[in-house]
Amino acid sequence: MTRSTSSDDRAFAAADRRLFLKRGLQLGGAVLLGGPLLAACGDSDSSSASSTSSSSSGAKSFGELTLRLSWIKNVEFAGSYIADSKGYYTDEGFSKVTLIGGGPSATPMETDVVTKKALVAISAPDITGAAVSKGAPLKIIGAQFQRNPFCIMSMSKDPIAKPEDMYGKKIGVQAGNESVWAAYVKATGLDESKITKVPVQFDPLPLTQGTVDGWFSFVTNEPNTLRLKGFKVSTMLLADTGYPLVSETYCVRQETIDNQRDLLKAFLRAEIKGWKANIADPALGAKLAAETYGKGLGLTTEEQTLESADESKLMVSAGTKKNGLFTVTPELVEENIKTLKYGGLDITADKLFDLSLLEEVYKEDPSLI
C-alpha cells in the first residue's frame with residue numbers, strides 16, 4: 001500500500017494502521033506455521049540482543065536492543081523515543097537501540113519476534129493471541145494502553161454517549177473494522193437490527209456533512225484531526241462500554257522470559273522512565289516524533305501533541321496509579337480473555353499473559369510507580 005504525503009492522507013494515518021493490524025491478524029496464522037519460523041522456534045535466543053555480560057565496573061551489559069513498533073514512527077511510541085534520546089536504555093545496559101518501524105507493507109509484529117529479528121514487539125492481545133493459538137511461543141509481558149483506542153465519534157450537537165444511543169442512527173464502519181464492530185455488538189448485547197451500518201472509507205468528512213451520525217475511529221486520531229479543523233466532536237470509547245481490551249502490548253518469546261529476565265526487566269525500566277516523562281509533558285514525545293524519529297512523515301508537532309495527550313489518558317488508570325505503568329490487574333486480564341472470546345479467540349490467561357516481570361521490576365524499585 002502506497003502512502004500519500006498529502007495533509008489529509010497523513011491526518012488519517014489510522015486508516016492504514018487498522019487495515020494493517022487486521023491483515024497482520026489474518027496473516028499471522030499462515031506465517032507462523034511456515035517452515036523457517038518453526039525452525040527458529042527451536043533455536044536459543046541470540047540475534048535480537050547479545051548475551052548478558054558484565055563490564056569492568058560490574059554493571060550488566062545487554063548489547064543491542066531491537067524493538068519492533070506496531071506502526072510508523074509517530075507519537076504512538078513517544079516513550080521509546082524519550083528513553084532512547086535521554087539515554088535510559090543505555091543506563092540500563094544496552095549498547096545500542098534499534099527501533100523498527102511498522103506499516104502496511106511490514107511483516108506481522110509477532111513474526112519479527114519469533115524469527116528473532118526483534119527482541120520485543122508492540123502489538124495487541126487479539127493479534128498475539130491469534131499467533132499463540134497457532135503455536136507461536138509468545139507472551140504479553142505488559143500493556144501500555146489500559147484501554148484500547150477504538151471509539152465511536154459523533155458530532156457534539158448530537159452526541160453518542162452510550163451504545164444504545166446508536167439505535168435509529170447511521171454508523172460509518174470501515175471494512176477493516178468489521179470484525180471489531182461485530183465483536184463489540186456481541187459483547188454489548190446490542191440489537192444490530194436497530195442500527196444502520198454504513199460502509200465507509202476512513203476520511204470522516206461524511207460525519208461532518210450529516211451523511212452518518214457516528215463514525216468508527218481511533219480516539220487518538222480522527223477526532224483530533226476534525227478538532228484542528230474547527231469541528232466539535234464527541235467520542236465514546238469501546239473500552240468503556242463493553243469492549244475492555246488493553247492495547248499496545250509488549251510481546252516477547254517465552255524463551256526470553258525464561259532465560260533473559262534481567263534483560264527484559266532492564267528494557268521495561270527504560271520504557272517506564274520514558275513513558276512517565278511523556279505523560280508529564282505530552283509535547284516532549286510529540287516533538288521527537290515530528291522532528292526526529294518520524295521526520296519526513298509529514299507529522300506536525302501540534303497534532304502529535306494532541307494525540308500524545310490522548311494516549312496518556314489511555315495509559316493511566318486506577319490500577320497503574322497503584323501498581324505502575326504497563327501493569328494489568330487480574331480483573332482486567334480476565335475481562336480481556338472474555339472479550340477475545342466474543343471475537344472468536346478462545347485462549348486462557350496463562351497462555352497469553354506473563355506479568356511477573358513487571359511485578360519484580362516494581363518490587364525491586366517502588367520509586368518507578
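To start, this report covers the structure provided alongside it. This is a predicted model, so every value here is computed, not measured.

## What about helix α7 (residues 125-133)?
- Counting buried positions over the nine residues of α7 gives eight, a clear majority of the element.
- Note on α7: the residue one or two positions beyond its end, G135, has a positive phi of about 105 degrees.

## Focus on the sheet that holds strand β10 (residues 214-218)
- Reading across from one edge, β9-β8-β10-β7-β11 is the order of the five strands in this open sheet, with mixed pairing throughout. Of all the strands in the sheet, the pair left with one neighbour each is β9 (196-200) and β11 (233-237). Averaged over all adjacent pairs, the angle separating strand axes in this sheet is 35 degrees, with direction ignored.
- As paired elements, strand β7 (residues 150-155) and β10 share four bridges and run antiparallel to each other. The residue bridging C151 from the neighbouring strand is S217, located in β10.
- Across the sheet, helix α8 (residues 178-188) is in contact with β7, β8 (170-174), β9, β10 and β11; its angle to β8 comes to roughly 135 degrees.

## Quick word on the environment of K197
- By the secondary structure assignment, K197 is in strand β9.
- When the C-alpha positions of K197 and V212 are compared, they lie 9.1 Å apart, and in sequence the two are 15 residues distant.
- Beyond its immediate stretch of four places on either side in the chain, K197 contacts I171, V173, E178, W181 and E192.
- Polar side-chain contacts of K197 include one of 2.8 Å to the side chain of E178.

## A short note on the environment of G210
- By the element assignment, G210 lies in the loop between α9 (205-209) and β10.
- Residue classification places G210 among the exposed residues on the basis of a relative accessible area of 53%.
- Measuring from C-alpha to C-alpha, the distance between G210 and K170 comes to 9.6 Å, with 40 residues separating the pair along the chain.

## Here's the deal with the packing of aromatic side chains
- Enumeration over the complete set of coordinates arrives at six aromatic pairs.
- A centroid spacing of 5.4 Å and a plane angle of 35 degrees characterise the contact between F62 and F94, whose relative ring orientation is tilted. Of the two residues, F62 sits in the loop between β2 (60-61) and β3 (63-68) while F94 sits in strand β4 (residues 94-100), which places them 32 residues apart along the sequence.
- Centre to centre, the rings of Y250 and F326 are 5.1 Å apart; their planes meet at 70 degrees, and the pair counts as edge-to-face. You can see Y250 sitting in strand β12 (residues 247-253) and its partner F326 sitting in the loop between α15 (318-323) and α16 (330-342), a full 76 residues away along the chain.

## Quick look at helix α4 (residues 78-85)
- Within α4, six of the eight residues are buried, leaving the element largely enclosed by the surrounding structure.
- Residues of α4 that are buried: A78, G79, S80, Y81, I82 and A83.
- Just downstream of α4 lies G87, where phi reads positive at about 80 degrees.

## Brief notes about the pattern of salt bridges
- Applying the stated criterion across every chain, the model contains 15 salt bridges.
- Of the charged contacts in the structure, one is a salt bridge between K273 and E92, with a shortest N-O distance of 3.1 Å. Taken as a pair, K273 in helix α12 (residues 261-280) and E92 in the loop between α5 (88-91) and β4 lie far apart in primary sequence, 181 residues in all.
- For E92, a relative accessible area of 12% gives the class buried.
- Ionic contacts of the salt-bridge type, sharing partners, join the residues R261, K265, E360 and E364 into one network.

## Looking at the sheet that holds β3
- Taken together, the five strands give an open sheet; going across it, the order is β4-β3-β5-β12-β6, and neighbouring strands pair in mixed fashion. Two strands in the sheet have a free side with no partner beyond their single neighbour: β4 and β6 (138-145). Each strand axis lies, on average, 25 degrees off the axis of its neighbour in the sheet, ignoring direction.
- Pairing of β6 with β12 involves six bridges; the strand directions are antiparallel. In the strand pairing of β12, F145 is matched with S247.
- Docked against the sheet, α12 engages β3, β4, β5 (120-123), β6 and β12, running at close to 160 degrees with respect to β12.

The rules behind the values
- Every chain begins its residue count from 1, and numbering advances along the sequence as written.
- Thresholds applied to this predicted model are a pLDDT of at least 70 for local features of residues and 80 or more for the giving and counting of side-chain atom pairs; totals over whole chains, interfaces and linings are not thresholded and use all residues.
- Processing note: side-chain calculations cover all non-hydrogen atoms of the structure and skip hydrogens and water entirely.
- Burial classification: accessible surface area is computed with a 1.4 Å probe over protein chains only, and a residue below 20% of its type maximum counts as buried, one above 50% as exposed, and the rest as partly exposed.
- Secondary structure elements follow DSSP: runs of H or I no shorter than four residues count as helices, runs of E no shorter than two count as strands, and numbering proceeds from the N terminus.
- Whether two strands pair depends on DSSP finding at least two bridges between them.
- Inter-axis angles, ranging from 0 to 180 degrees, are taken between N-to-C directions of lines fitted to C-alpha atoms, where helices are fitted over the stretch in contact.
- By the convention used here, residues are in contact when the closest approach between their heavy atoms is within 4.5 Å.
- Polar contacts, as used here, are pairs of N or O atoms within 3.5 Å; protein pairs need one atom able to donate a hydrogen and one able to accept it. Residues neighboring in sequence count only if both atoms are side-chain atoms.
- Between the rings of Phe, Tyr and Trp (Trp by its six-membered ring), a pair exists once the centres lie within 6.5 Å; its type follows the angle of the planes, with under 30 degrees stacked, over 60 edge-to-face, and the other angles tilted.
- Any Lys or Arg side-chain nitrogen found within 4 Å of a carboxyl oxygen on Asp or Glu counts as a salt bridge.

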